[in-house]
Amino acid sequence: MNILAVVEQRDGTLRRSAAEVVTAAKSLADAQGGKVHALVIGPANTDTASLAKYGADTIQLASGEAADHYDPDVFAATVAERVGAGDYFAVLFAAGAQGRDLAPRVAAKLDVPLAADATGLAVEDGELVVTRPVYAGRAFAKVTLDAQPRLVSVRPNTFRPEESEGAGTVENVSVSTAPSRVKVRETKAAEGAKMDVADAPIVVSGGRGLKGPEHWTLLEQLRDALGSTAALGASRAVVDAGWRPHAEQVGQTGKTVSPQLYFAVGISGAMQHLAGMRSARTIVAINKDPDAPIFKVADYGIVGDAHEVVPALAEEIRKGR
Amino acid sequence: MKIVVCIKRVPDTEARIRISGGTAIDPAGIKFVISPYDEFALETALRLKEAHGSAEVLAVSVGESTTGEQLRSALAMGADGAVLLKGQTSFDGLATAHALAAEIREQNADLVLLGMKAVDDDQQQVGPMLAELLDRPCITVAASVTLEDSTVVCEREVEGGVEVVEAGLPAVVTITKGEFEPRYPSLKGIMAAKKKPLAEKDAQLAPSRIQVRELTLPPERPAGRIVGEGKDAVPELVRLLRDEAKVI
Ligand SMILES: Cc1cc2nc3c(=O)[nH]c(=O)nc-3n(C[C@H](O)[C@H](O)[C@H](O)COP(=O)(O)OP(=O)(O)OC[C@H]3O[C@@H](n4cnc5c(N)ncnc54)[C@H](O)[C@@H]3O)c2cc1C
Ligand SMILES: Nc1ncnc2c1ncn2[C@@H]1O[C@H](COP(=O)(O)O)[C@@H](O)[C@H]1O
């Protein structure tokens, strides 16, 4: 049976997660002998060609004025209509900010359950087994869904894009005419936020050990040295102190991140912080206390003063570029 | 104006999770609390009430009878009433949303507030599902909520910024942490809570359509290593990141 991959774009450019979702869909399609259909809701000129490279056989492009900006009512109705028009084994979403808003609405419209934020997918005896973190990553559940289609959102930065041939036939489909009920009055860009911490493959997080908001220039230097895909993160202590915006908070009451590389600078490593970042692939800790709990989860640590180590680190990385 | 706040009983965020029988956690020794985002939702409701005077705030939860403890805490914080919908919840957020929808239709709430996610199952889905079932607009992950006549206005964190959005009442809003902390129940609040109504009824809960095959503890992260002290360790760290971890 076929798999539908619902992928995201911004201003006509596919998001990084698109390749991940299609790759995940491809592995399920292969295990089933089905095809991958990718659904993109966005501007007519959205560059969808790369989806074929990850195995999309059909690319459904829903474009029109209502598709240019994310609107939960219009997008959810459009996805539900597409799902209804096919006979899908599973429908996959990206579990980023937009996907986590969208997928539950689609699930309720279709009257099927949803497994959110999957970190693993497998087909066992014809059944889809989803692995997902629970209790903020303190446990993992393997679950199955008693419904068709099976709705799953997949955690960003977890399913590595893998290239494989797909026909990539583009099909234009219509955007739902469902009325929009939530209006955007205004969008305020966050200061200096180039990339959202939840999506970034590299995260540089700072905590109370930095001693004051004025020292964030150190972390900005490190972020800039690491390139345009790096984002800043923060512990709750510094968000509560008003040094950094809540949008940057990592942890149980902040964002869950799974980047390739996570720097914890002047962060002690409280349980609630670890909850948000322990699934990062590589963790680096810089802390002046050798007994700080963060060193228990870090792959690499430097014991030392952030004010001394971070500038040297930024410099060394810049040198090697 | 009637505001319903949906709250869930969850293990404390510090709790050490142990598995019992392979598919569930062992509740022994665990302290249970109101899920942190639901406390923010309740605080938001209480502040809206304080700003508008005439509002009534009702806390609703689907859970077993032990959930009465969390509903009492909600009453002590300042909710005017509470309803316990008795039943055993699961990962199937849609089943929970159906049970909540049945009660909320009966209550005729103008505004329903939920946490953006419950910190046990981390599904982040009940709010938007509930809104669909009630056919109401839904704003998710709101950091602030204000009311302007029959419109609800929220600030929400989006990728790269903050978005100000609005929807007409009746509406459903899910709450993230905003500018303020949830209040602690005062002694007076705790005394008053004893006299407030806590209704109990059976939840209209369909069987879960999400089956748990296995629940396991996360693999231990292999012990890391201290590369060195101070800035002298930096070149070695960068070499390891480049050649061993291959992440830069
Ligand atoms: C319900 C609940 C939810 C929570 N949610 C979150 C959450 O989402 N995210 C989160 O982060 N926390 C959360 N917390 C808070 C958490 O328990 C910790 O209080 C918080 O993470 C501590 O932040 P910190 O590491 O920056 O500060 P601290 O714990 O004060 O640690 C500062 C660290 O900096 C080091 N240091 C000091 N000076 C230097 C220096 N010059 N150079 C290098 N290192 C130095 C110190 O050795 C120390 O380890 C939550 C708590 C609760 C109860
Ligand atoms: N059993 C429940 N009873 C009442 N509210 C709930 C229940 N489960 C979830 N909720 C609400 O839905 C929000 C999101 O939960 P979840 O989708 O499970 O992450 C929670 O923060 C609560 O506000």
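Residues numbered from 1 in each chain as written. Chains lettered and ligands numbered in written order. Predicted model: local features only at pLDDT ≥ 70, side-chain atom pairs only at ≥ 80, totals over all residues. Heavy atoms only, no water.

Draft legend 1. Summary view of the overall build of chain B. Secondary structure assignment for chain B yields six helices and 15 strands. Oriented by its inertia axes, the alpha-carbon framework of chain B measures out at about 65 × 45 × 40 Å. Accessible surface, chain B: about 10,700 Å² in total, of which carbon and sulfur atoms supply 49%. The positive charge centre, built from 29 side chains, and the negative charge centre, built from 38, are 4 Å apart in chain B. (Helix = DSSP H or I, 4+ residues; strand = E, 2+ residues; numbered from the N terminus. Areas by Shrake-Rupley, 256 points an atom, 1.4 Å probe, with all protein chains shown as cover. Lys, Arg positive; Asp, Glu negative; His and termini not counted. Charge placed at Lys NZ, Arg CZ, Asp CG, Glu CD.)

Draft legend 2. Quick look at the site of ligand 2. Residues and elements named next belong to chain B. Residues in close proximity to ligand 2 total 19 residues, the closest being C6, D38, V62, A118 and Q125. V62 places a polar main-chain atom, nitrogen or oxygen, 2.8 Å from a nitrogen atom of ligand 2. Taking Q124, its main chain carries an N or O atom lying 2.8 Å from an oxygen atom of ligand 2. Here ligand 2 loses 99% of its free accessible area of 480 Å² to cover by the protein chains. Spatially, ligand 2 is embedded in the second largest cavity. Put simply, the parts of the chain that give the shell around ligand 2 at least two residues each are β6 (56-63), α3 (93-107) and β8 (111-115). (Near = heavy atom within 4 Å. Polar contact = N/O pair within 3.5 Å; in protein donor to acceptor, adjacent residues only side chain to side chain. 1 Å grid on protein atoms, 1.4 Å probe; cavity = no way out; pocket = protein on both sides within 12 Å on 5 of 7 lines; lining within 4 Å. Sits in = over half its atoms within 2 Å of the grid points.)

Draft legend 3. Fine view of the site of ligand 1. Residue and element names in this part refer to chain A. Lining the immediate surroundings of ligand 1 are 27 residues, of which K211, S235, T253, S268 and N287 lie closest. Between ligand 1 and the protein, one listed contact pairs a nitrogen atom with a backbone N or O atom of K288 at 3.3 Å. Compared with its free state, where it exposes 990 Å², ligand 1 has 79% of that area covered by protein. Listed by contribution, the elements that provide at least two residues to the shell around ligand 1 are α6 (236-240), α7 (271-277) and α9 (306-320). Residue composition of the shell around ligand 1, grouped by class: five nonpolar, 16 polar and six charged. (Nonpolar A, V, L, I, M, F, W, Y, C, P; charged D, E, K, R; others polar.)

Draft legend 4. Representation of the pairing of β8 of chain B. Residues and elements named next belong to chain B. Across the five residues of β8, five count as buried, placing the element largely inside the fold. A two-sided burial pattern is seen for β8, the buried positions comprising L111, L113 and G115 on one face and V112 and L114 on the other. As paired elements, strand β1 (residues 2-6) and β8 share three bridges and run parallel to each other. When the sheet's bridge partners are listed, V5 is paired in β8 with L113. Here β8 runs beside strand β12 (residues 171-175); their pairing, made up of five bridges, is parallel. Following the sheet pairing, L113 is matched in β12 by V173. (Buried < 20%, exposed > 50% of the residue type's maximum accessible area, 1.4 Å probe, protein only. Pairing = 2+ DSSP bridges.)

Draft legend 5. Here's a closer look at the interface of chain A and chain B. Counting residues at the interface gives 89 residues for chain A and 83 residues for chain B. For the pair chain A and chain B, the summed buried surface comes to about 7,300 Å²; carbon and sulfur atoms form 52% of the total. Contact with chain B buries surface across chain A, with Y135, R185 and Y300 of chain A losing the most and accounting together for 11% of the total. At the boundary of chain A with chain B, the tally comes to twelve salt bridges. Two residues, R213 of chain B and E124 of chain A, come together in a salt bridge whose shortest N-O distance is 3.4 Å. If you look at where chain A meets chain B, you find 51 residue pairs in polar contact (both at pLDDT 80 or more). With nine residues, the top contributor of residues to the side of chain A that touches chain B is helix α4 (residues 97-110) of chain A. Class assignment for the residues of the side of chain A that touches chain B results in 44 nonpolar, 17 polar and 28 charged. In this structure, strand β18 (residues 300-303) of chain A lies alongside strand β15 (residues 225-229) of chain B, joined through four bridges in parallel fashion. Within β15 of chain B, the position partnered with I302 of chain A by the bridge is G228 of chain B. (Contact = heavy atoms within 4.5 Å. Buried area = accessible area lost by both parts, 1.4 Å probe. Salt bridge = Lys/Arg side-chain N within 4 Å of Asp/Glu carboxyl O.)

Draft legend 6. Region of the structure containing the nonpolar core. In this structure, V79 and F93 of chain A together with I104, V112 and L130 of chain B are the most contacted members of the largest nonpolar core, which totals 49 residues. Beyond its immediate stretch of four places on either side in the chain, V79 of chain A contacts V6, L39, I41, F93, L102 and V106 of chain A. A24, A29, A90 and L128 of chain A belong to the second largest nonpolar core, which has 45 residues in total. (Core = buried A, V, L, I, M, F, W, Y, C linked by side-chain atoms within 4.5 Å.)

Draft legend 7. Expanded view of the sheet that holds strand β6 (residues 88-94) of chain A. Residue and element names in this part refer to chain A. An order of β7-β11-β6-β1-β4-β5-β12 is seen for the seven strands of this open sheet, with the pairing classed as parallel. At either margin of the open sheet sits one strand with a lone partner, and together these are β7 (114-118) and β12 (169-173). In this sheet, neighbouring strand axes are inclined to one another by 20° on average, regardless of whether the strands run parallel or antiparallel. Across three bridges, β7 lies against strand β11 (residues 150-154) in parallel orientation. Across the sheet, A118 pairs through a bridge with V154, a residue of β11. (Axes fitted to C-alpha atoms, helices over the stretch in contact; angles between N-to-C directions.)

Draft legend 8. Representation of the environment of G12 of chain A within the structure. Residues and elements named next belong to chain A. When you line up the elements, G12 lands in the loop between β2 (9-10) and β3 (13-14). With 35 residues separating them along the chain, G12 and D47 place their C-alpha atoms 6.4 Å apart. The residues touching G12, leaving out its near neighbours within four places in the chain, are P43, N45, T46 and D47.

Draft legend 9. Up close: the sheet that holds strand β8 (residues 120-124) of chain A. Spatial strand order, β8(A)-β9(A)-β10(A)-β14(B): four strands in an open sheet with antiparallel pairing. Because the sheet does not close on itself, it has two edges, and the strands there are β8 of chain A together with β14 (210-216) of chain B. When the angles between neighbouring strand axes are averaged without regard to direction, this sheet yields 25°. In this structure, strand β10 (residues 139-145) of chain A lies alongside β14 of chain B, joined through six bridges in antiparallel fashion. Within the sheet, the bridge partner assigned to V143 of chain A lies in β14 of chain B and is V212 of chain B. Docked against the sheet, helix α1 (residues 16-32) of chain A engages β8 and β9 (127-134) of chain A, running at close to 5° with respect to β8 of chain A.

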